[in-house]
Amino acid sequence: MIEQILNIQNLSKSYGSIKALNQLNLTVNRGEIFGILGPNGSGKTTTLGIILGVTLPNSGSCTWFGEKPSAYLRTRIGAVLEQPNFYPHLTARQNLRVVARIKGVPHSDIMRVLAIVGLEHRADHRFKTFSYGMKQRLAIGAALLGDPQVLILDEPTNGLDPQGIAEIRELVIRIASRGITIIMASHLLDEVQKVCTNVAVLRTGKLIYTGPVDDMVGETTRLELVAPDMTALHAAISELDGLNEITVTGGRLVANFNHKVDPAAVNKALAEKGIYLSHLARQHRSLESQFLELLSNPEKTKA
């Protein structure tokens, strides 16, 4: 049975004449890594602020675990909304003691979260000696104190180098494998595609798509093919119904169809023409191409 963790209904928020959110409706279910995706100014951070009770909406509501937000329910939610901000002259362990005291969490939980974020060997090193990626991991560790059921992250890879981005990506996946539901706002399409199971796309405060990441990428319409006789392959594939375009790149023929295509059916059709393939693979659309298409073509909205 699917359990709803977060339900957002008709949230709207304005800052003067600027409509930050416009009738937003969203549902996040247990176990999802849910990405909130959109360009700057799309309403991602405003959404996180409202569901955490930091920002008040003009209208609309949200529920956590099927209940209205409360101080108790917020103890089941960990969040990293800003840049890592700890006492620079204190160690990782000492900084987490401060956080644990504020949260009312026993100090015995500190080494558990340091191990999760891979900083147990730096427990007694001062925060000011940490790289930016380590500081971000410590912030996530602080959010995990008390073993929350939900972790909320706002642009967790901002400002990181490629190695730091990879470390945070692996950490998010590792945390999710422990049964924690994750809600992550980001504008990095590649990271959302690699990490998230589900995604909501916002544009100027409006929801323009929500659903599984795989569904957003869409059905396969492109195939990569290689055969011993590429000239014969080109001629044979040109006769198939629904073919839009053929390109040849790196010794491989890429066939683009105007409909969902079944690789097995294409393989059979070519074999009947005496063309036997040495390579056949789907070529999926990237999240980036679909995202840009959604932003530029309102009529394609799939919310």
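These notes cover the structure that comes with them. (Residues numbered from 1 in each chain as written. Predicted model: local features only at pLDDT ≥ 70, side-chain atom pairs only at ≥ 80, totals over all residues. Heavy atoms only, no water.)

### A closer look at the side chain of Asn-256
As a reminder, the rule being used: Helix numbers and strand numbers start at the N terminus; a helix is a DSSP run of H or I with at least 4 residues, a strand a run of E with at least 2. Contacts: residue pairs with any heavy atoms within 4.5 Å of one another.
With respect to the secondary-structure elements, Asn-256 resides in strand E12 (residues 252-257). Not counting chain neighbours up to four residues away, the residues in contact with Asn-256 comprise Thr-221, Arg-222, Gly-242, Leu-243, Asn-244 and Glu-245.

### Concerning the sheet that holds strand E4 (residues 59-64)
Convention followed: Any two strands with at least two DSSP bridges between them are considered paired. All axes here are fitted lines through C-alpha atoms, helices being fitted over the stretch that makes contact, and every angle between N-to-C directions spans 0 to 180 degrees.
Reading across from one edge, E2-E1-E4 is the order of the 3 strands in this open sheet, with antiparallel pairing throughout. The open sheet has two edge strands with one neighbour each: strand E2 (18-29) and E4. Direction aside, the axes of adjacent strands within the sheet are offset by 15° on average.

### With respect to the sheet that holds strand E9 (residues 206-212)
The 6 strands lie next to each other as E5-E6-E7-E3-E8-E9, forming an open sheet whose pairing is mixed. Whereas interior strands pair on both sides, the edge strands pair on one side only; in this sheet they are strand E5 (77-80) and E9. Averaged over neighbouring strand pairs, the angle between their axes works out to 15° when direction is ignored. When strand E8 (residues 198-203) meets E9, the two strands line up antiparallel, connected through 6 bridges. When the sheet's bridge partners are listed, Asn-198 is paired in E9 with Pro-212. The strands that helix H1 (residues 44-51) touches are strand E3 (33-37), strand E6 (150-154), strand E7 (181-186) and E8; relative to E6, the one it contacts most, it runs at about 145°. Against the sheet, helix H6 (residues 162-176) contacts E3, E6 and E7, and its axis sits at roughly 155° relative to E7.

### Comments concerning unusual backbone geometry
Within the chain, Phe-65 stands out as a residue other than glycine whose phi angle is a positive 55°. Summarising the element assignment, Phe-65 is placed in the loop between E4 and helix H2 (71-74). Positive phi, close to 50°, is recorded for Glu-155, a residue that is not glycine. Position of Glu-155 among the secondary structure elements: in the loop between E6 and H6.

### Overview of the pairing of strand E1 (residues 4-15)
Examined bridge by bridge, E1 and E2 share 8 bridges and lie antiparallel to one another. Counted as the bridge partner of Gln-4 is Asn-29 from E2. Joining the antiparallel neighbours E1 and E2 is a turn of 2 residues, in which Gly-16 adopts a positive phi near 65°. Summarising the sheet, E1 and E4 pair through 5 bridges and their orientation is antiparallel.

### A closer look at H6
Operational definition: How far a helix is expected to stretch is found by multiplying one less than its residue total by 1.5 Å. Here's how the labels work: a residue is buried when its accessible area is under 20% of the maximum for its type, exposed when over 50%, partly exposed in between, all with a 1.4 Å probe on protein chains only.
Relative to the 21 Å expected for 15 residues at 1.5 Å per residue, H6 spans 21 Å between its end C-alpha atoms, a close match to the ideal helical length. All of the buried residues along H6 are Gly-164, Ile-165, Ala-166, Ile-168, Arg-169, Leu-171, Val-172, Ile-175 and Ala-176. Where H6 is buried, its residues touch E3, helix H4 (110-116), helix H5 (132-144), E6, E7 and helix H7 (189-195).

### Here's the deal with the environment of Ile-36
Mapped onto the elements of the fold, Ile-36 is located in strand E3. Ile-36 sits 18 residues away from Val-54 along the chain, and the two C-alpha atoms are 18 Å apart. Among all residues touching Ile-36, those that are not within four sequence positions of it are Lys-44, Thr-47, Leu-48, Ile-183, Met-184, Ala-185, Ser-186, Ala-200 and Leu-202.

### A short note on the side chain of Thr-47
Looking at the element boundaries, Thr-47 is found in helix H1. Ignoring any residue separated from it by four or fewer positions in sequence, one finds Thr-47 in contact with Ile-8, Leu-21, Leu-24, Ile-36 and Leu-202.

### Remarks on the packing of helix H3 (residues 92-103) against H5
In a pair of packed helices, the angle between the axes and the distance between the axes together describe the arrangement. As a reminder, the rule being used: Under this scheme an angle from 65 to 115 degrees is roughly perpendicular, one under 35 degrees roughly parallel, and one over 145 degrees roughly antiparallel; angles in between are oblique. If you view the pair so one helix is near and one far, a crossing is left-handed when the near helix is turned anticlockwise from the far one by less than a right angle, and right-handed when it is turned clockwise. Residues are grouped as follows: Ala, Val, Leu, Ile, Met, Phe, Trp, Tyr, Cys and Pro are nonpolar; Asp, Glu, Lys and Arg are charged; every other residue, Gly included, is polar.
One way to put it is that H3 packs onto H5 with a least axis distance of 10 Å and a crossing angle of 30°. Classified by the interaxial angle, the pair formed by H3 and H5 is roughly parallel. Handedness of the crossing formed by H3 with H5: right-handed. In this structure, H3 uses Ala-92, Leu-96, Val-99 and Lys-103 to contact H5, whose residues at the interface are Leu-138, Ala-142 and Ala-143. Across the contact of H3 with H5, the residue classes break down as 6 nonpolar, no polar and 1 charged.

### Brief notes about the nonpolar core
The test is simple: Think of a nonpolar core as a cluster: buried Ala, Val, Leu, Ile, Met, Phe, Trp, Tyr and Cys residues, connected wherever their side-chain atoms sit within 4.5 Å.
Grouped together as the largest cluster of nonpolar side chains are 48 residues, with contacts concentrated most on Leu-138, Ile-140, Leu-144, Leu-151, Ile-175 and Ile-182. Per-element accounting of this core gives the leading share, 7 residues, to H5. Leu-6, Ile-8, Phe-34 and Ile-36 belong to the second largest nonpolar core, which has 26 residues in total.

### Some details on the environment of Ala-20
One can find Ala-20 in strand E2. Accessibility expressed as a relative area gives 9% for Ala-20, which makes it buried. Residues Ala-20 and Pro-212, 192 residues apart in the sequence, show an inter-C-alpha distance of 24 Å. Setting aside anything within four residues of it in sequence, one finds Ala-20 in contact with Lys-13, Ser-14, Tyr-15, Ser-42, Gly-43, Thr-46 and Gly-205.

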